[in-house]
Amino acid sequence: PRRIILDCDPGHDDAVAIMLALGSPAIELLGVTTVGGNQTVEKITRNAQSVLEMCRRQDVPVHRGSARPLLREVHVAGDIHGESGLDGVELPEPTVPVAAQRAVEFLVQTVMESEPGEITLVGTGPLTNIALAARLEPAIIDRVREVVIMGGGYHEGNVTPVAEFNIWADPEAAAIVVDAGWELTMVGLDLTHQALATADVEQRIAEIGTDLAEFFLGLMAFFRRAYQENQGFDDPPVHDACTIAHLIDPSVVQTRRAPLHVEIRGDLTRGMTVADLRPGTDLEGCRTQVATVLDAEGFWRLVVDAVRTLG
Ligand code: BDR
Ligand code: CA
């Protein structure tokens, strides 16, 4: 299986990403690192623990990460994820304490103690921890297998017309991560807005009939209302889980190679991800790609299977 560390800010769709990673035999989740984003890092860390409890996988360590972006102020997404960051469900008390080691040190240590090309880093929140890890130990850049992020979009934004939340929240960190030189896939809004939790999907989850399936439905009910009220959507997009689906089965998420950069200065464009998709662009040595087309049925089959497998 793919050995991954998930750096996240659960968050309804981050929670689905955790379930998908734990429920798929193609993935080995070595640890969850948390970052302030959808809510404060205290709430996010507890949410990560609660989701692992729900999945009965308390053996997966949770390492607490950055409380705030590198330069910017904290802006949580309470309108989308609620006061707790995971509104809509009862969150079980964690039975295992948070690991003593902090997120950035765990990221560095795990990559350096593994074989070169073994560890994949997945980022589904602001990229503060991954940027700090690359600065603390630059040797990880050549050593990781690849980095997959949910963030940005080559044609779409959500916080602003051109900026997506995870990138907008810490654009300097995103610029460090995107420019680092490792193999990187950006799973942006262009792709994740195709991953909609429709009534049909909920029906399939409901048929599983477990506590975890109930938990999933509670999360989606809140998430749907938030997306209807704040983003003009009928059904909520389960952004973050698309990164894991891409690793489980690359045919589910089509990608296209393109030079990629993050705008950190523009008055109107701060946090924009700029992909050079011009046909004549020289792609020699290009190590970045962007996700384009989702096989939505294939994606939901993976998610439903994972929830069923977790029991
Ligand atoms: C991203 O922002 C967060 O609200 C979600 O968890 C996702 O990672 C979507 O813009
Ligand atoms: Ca997230």
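Since we're looking at a predicted model, the values are computed, not measured.

Chemist: Looking at this model, I keep getting lost on the confidence of the model for the chain. Mind explaining?
Modeler: Predicted coordinates in regions of low pLDDT should not be interpreted in detail. When the pLDDT values of the chain are averaged, the result is 98; 100% of them are 70 or greater. For this predicted complex, the interface score ipTM comes out at 0.99, while the overall pTM is 0.98.

Chemist: Please clarify how helix α4 (residues 103-113) should be interpreted in this entry.
Modeler: In an α-helix, one turn spans 3.6 residues, which is why side chains three or four residues apart end up on the same side. When α4 is considered as a whole, its buried residues turn out to be Ala103, Val104, Phe106, Leu107, Thr110 and Val111. Seen from one end, α4 has its buried residues packed into an arc of 165°, which puts them on one side. Considering only its buried residues, α4 is in contact with β1 (2-8), β2 (27-34), β3 (62-63), β4 (119-123), α5 (128-136) and α6 (140-143).

Chemist: What exactly am I supposed to notice about the nonpolar core here?
Modeler: Grouped burial of nonpolar side chains is what soluble globular proteins tend to show. In this structure, Leu20 and Val177 are the most contacted members of the largest nonpolar core, which totals 104 residues. Discounting residues that sit within four places of it in the chain, Leu20 has contacts with Ala241, Ile244, Ala245, Leu302, Val303 and Ala306.

Chemist: Before we go on, may I ask you to explain the site of ligand 1 in this structure?
Modeler: Close to ligand 1 lie 14 residues; Gly11, Asp13, Phe165, His239 and Asp240 are nearest. Listed by contribution, the elements that provide at least two residues to the shell around ligand 1 are α1 (12-23) and α7 (165-169). Taken together, the residues that form the shell around ligand 1 break down as four nonpolar, six polar and four charged.

Chemist: Help me understand the UniProt feature "domain: Inosine/uridine-preferring nucleoside hydrolase" (unreviewed entry) in the chain in this model?
Modeler: Feature annotation in UniProt assigns "domain: Inosine/uridine-preferring nucleoside hydrolase" (unreviewed entry) to the following positions: residues 4-301. Annotated as 39% helix and 16% strand, the span residues 4-301 places its first and last C-alpha atoms 21 Å apart.

Chemist: Before we go on, may I ask you to explain the pairing of strand β5 (residues 146-150) in this structure?
Modeler: With four of its five residues buried, β5 lies for the most part within the structure. Pairing of β4 with β5, which is carried by four bridges, proceeds in the parallel orientation. Across the sheet, the residue bridging to Val122 is Val148, located in β5. Pairing between β5 and strand β6 (residues 184-187): four bridges, direction parallel. Bridge pairing in β6 links Val147 to Leu184.

Chemist: I'm lost on the sheet that holds β3 in this one. Help?
Modeler: For sheets, the rule is that strands pair by backbone hydrogen bonds, running either parallel or antiparallel. Within the open sheet, the eight strands sit side by side as β3-β2-β1-β4-β5-β6-β10-β7. Their pairing is mixed. Looking at which strands have only one partner, the edges of the open sheet turn out to be β3 and β7 (253-257). The sheet contact formed by β2 and β3 spans two bridges and is parallel. The partner of Val32 across the bridge, within β3, is Val62. Along the sheet, α1 makes contact with β1 and β2, crossing β1 at roughly 165°.

Chemist: Would you mind showing me how to read the pairing of β2 here?
Modeler: Regular strands show a simple pattern: their side chains alternate between the two faces of the sheet. Sheet topology note: the β1/β2 ladder contains seven bridges and is parallel. Paired with Ile5 across the bridge in β2 is Gly31. Regarding topology, α1 serves as the crossover connection from β1 to the parallel β2, and that connection is right-handed. Handedness of the β-α-β unit built from β2, helix α2 (residues 41-54) and β3 comes out right-handed.

Conventions we followed
- What you see as residue numbers is a count from 1 along each chain, following the sequence as written.
- All chains are assigned letters beginning with A, and all ligands numbers beginning with 1, in the order in which they are written.
- Residue-level local features of this predicted model are given only where pLDDT is at least 70; pairs of side-chain atoms are given and counted only at 80 or more, and the full residue set underlies all totals for whole chains, interfaces and linings.
- pLDDT is a per-residue confidence score from the predictor, ranging from 0 to 100.
- Here the C-beta atoms are placed from the backbone, and a residue counts as buried if at least 20 other C-beta atoms lie within 10 Å of its own, exposed if 12 or fewer do, and partly exposed otherwise.
- Helix and strand assignments follow DSSP, with helices taken as H or I runs no shorter than four residues and strands as E runs no shorter than two, numbered in order from the N terminus.
- Here, the arc refers to the directions that run from the helix axis to the C-beta atoms.
- C-beta atoms are placed from the backbone for every residue, and two residues are taken to be in contact when these atoms lie within 7 Å.
- As used here, a nonpolar core is made of buried Ala, Val, Leu, Ile, Met, Phe, Trp, Tyr and Cys residues. They are joined through C-beta atoms within 7 Å.
- We call a residue near a molecule or strand if the C-beta atom, set from the backbone, is within 6 Å of it.
- Residue type decides the class: Asp, Glu, Lys and Arg count as charged, Ala, Val, Leu, Ile, Met, Phe, Trp, Tyr, Cys and Pro as nonpolar, and the leftover types, Gly among them, as polar.
- UniProt positions are given in the numbering used here, feature names are shortened, and annotations may be inferred rather than shown by experiment.
- Strand pairing requires that DSSP identify at least two bridges connecting the strands.
- Each axis is a line fitted through C-alpha atoms, taken for helices only over the stretch in contact, and angles between the N-to-C directions span 0 to 180 degrees.
- Call a crossover right-handed when, viewed with both strands pointing away from you, the route from the first strand across the helix to the second goes clockwise.

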